[in-house]
Amino acid sequence: MNQQKCIECGDSFKGRIDKKYCSDYCRNTYNNKVNKTSKNLIRNTNNRLRKNYKVLTELNKTGKTKVSRSKLISRNFDFNFFTQIYTTKTNNVYYYVYDQGYLELDNEIYLLIKRD
Ligand SMILES: [Zn+2]
């Protein structure tokens, strides 16, 4: 038996070296917190992707169009969230949010393109 410190409440307890919690209550509390954090992360990321997808879909009615960076930003488009990157042989980098893609052209202009 070793003197251990509970990672949930910080209380000391005696137990095996691999024991992390003083009680079932603390184990459950700790695990619920961890699960909640990862669930929130996934939900927030999904929401961000959904919003980005909506912006691209609304701006790209024809399947291929050009928009300015400021227009995307004014609609709260977040360039950190995409589902796929595709680099062409000519080194053009397309970012995709599901089937809606964009490519940065010159002068802060973006080509929006929908995958067939
Ligand atoms: Zn505890």
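Criteria and cut-off values
Residues numbered from 1 in each chain as written. Predicted model: local features only at pLDDT ≥ 70, side-chain atom pairs only at ≥ 80, totals over all residues. Heavy atoms only, no water. Pairing = 2+ DSSP bridges. Helix = DSSP H or I, 4+ residues; strand = E, 2+ residues; numbered from the N terminus. Buried < 20%, exposed > 50% of the residue type's maximum accessible area, 1.4 Å probe, protein only. Polar contact = N/O pair within 3.5 Å; in protein donor to acceptor, adjacent residues only side chain to side chain. Donors = N, O, S within 2.8 Å, 3.2 Å for Na, K, Ca; no water. Tetrahedral: all angles 85-135°; square planar, octahedral: opposite > 155°, others 65-115°. Contact = heavy atoms within 4.5 Å.

## What to know about the pairing of strand β5 (residues 93-97)
In summary, the side chains of a regular strand alternate between the two faces of the sheet. With 4 bridges connecting them, strand β4 (residues 84-87) and β5 associate as antiparallel partners. Considered in β5, the bridge of Ile 85 is made with Tyr 95. The loop that links β4 with its antiparallel partner β5 comprises 5 residues; one of these, Asn 91, has a positive phi angle of about 65°. Here β5 pairs with strand β6 (residues 100-104) via 4 bridges, running antiparallel. If you follow Tyr 95 over to β6, its bridge partner there is Tyr 102. Following β5, the chain reverses through 2 residues before pairing antiparallel with β6; Tyr 98 in that reversal takes a positive phi of roughly 60°.

## What to know about the side chain of Thr 88
Here Thr 88 shows up in the loop between β4 and β5. According to the relative accessible area criterion, Thr 88 is buried, its value standing at 18%. Only 3.0 Å separates the side chain of Thr 88 from the side chain of Thr 90, close enough to count as a polar contact.

## Some remarks on the coordination of the zinc ion
Looking at the zinc ion, one finds its protein donor set to be Cys 6 (SG), Cys 9 (SG), Cys 22 (SG) and Cys 26 (SG), positioned 2.3 to 2.4 Å from the metal centre. Coordination at the zinc ion is tetrahedral, judged from the 4 donor atoms that bind it and the angles of 104 to 115° they form at the metal. Every donor residue of the zinc ion comes from the same chain, spaced as C-x2-C-x12-C-x3-C. For Cys 26, a relative accessible area of 5% gives the class buried.

## What to know about unusual backbone geometry
With a phi angle near 65°, Asn 76 is a residue other than glycine that sits in the positive phi range. Unlike most non-glycine residues, Asn 107 shows phi in positive territory, near 55°. Its location among the elements puts Asn 107 in the loop between β6 and β7 (109-114). The exposed category is assigned to Asn 107, whose relative accessible area is 71%.

## Considering the environment of Arg 115
Mapped onto the elements of the fold, Arg 115 is located in the segment after β7. Look at Arg 115 and you get partly exposed, because its relative accessible area is 33%. Each C-alpha atom of the pair Arg 115 and Tyr 96 lies 8.9 Å from the other, and the pair is 19 residues apart in sequence. The residues contacting Arg 115, other than those within four sequence positions of it, are Gln 84, Tyr 96, Tyr 98 and Asp 99. A distance of 3.3 Å separates polar atoms of two side chains, one belonging to Arg 115 and the other to Gln 84.

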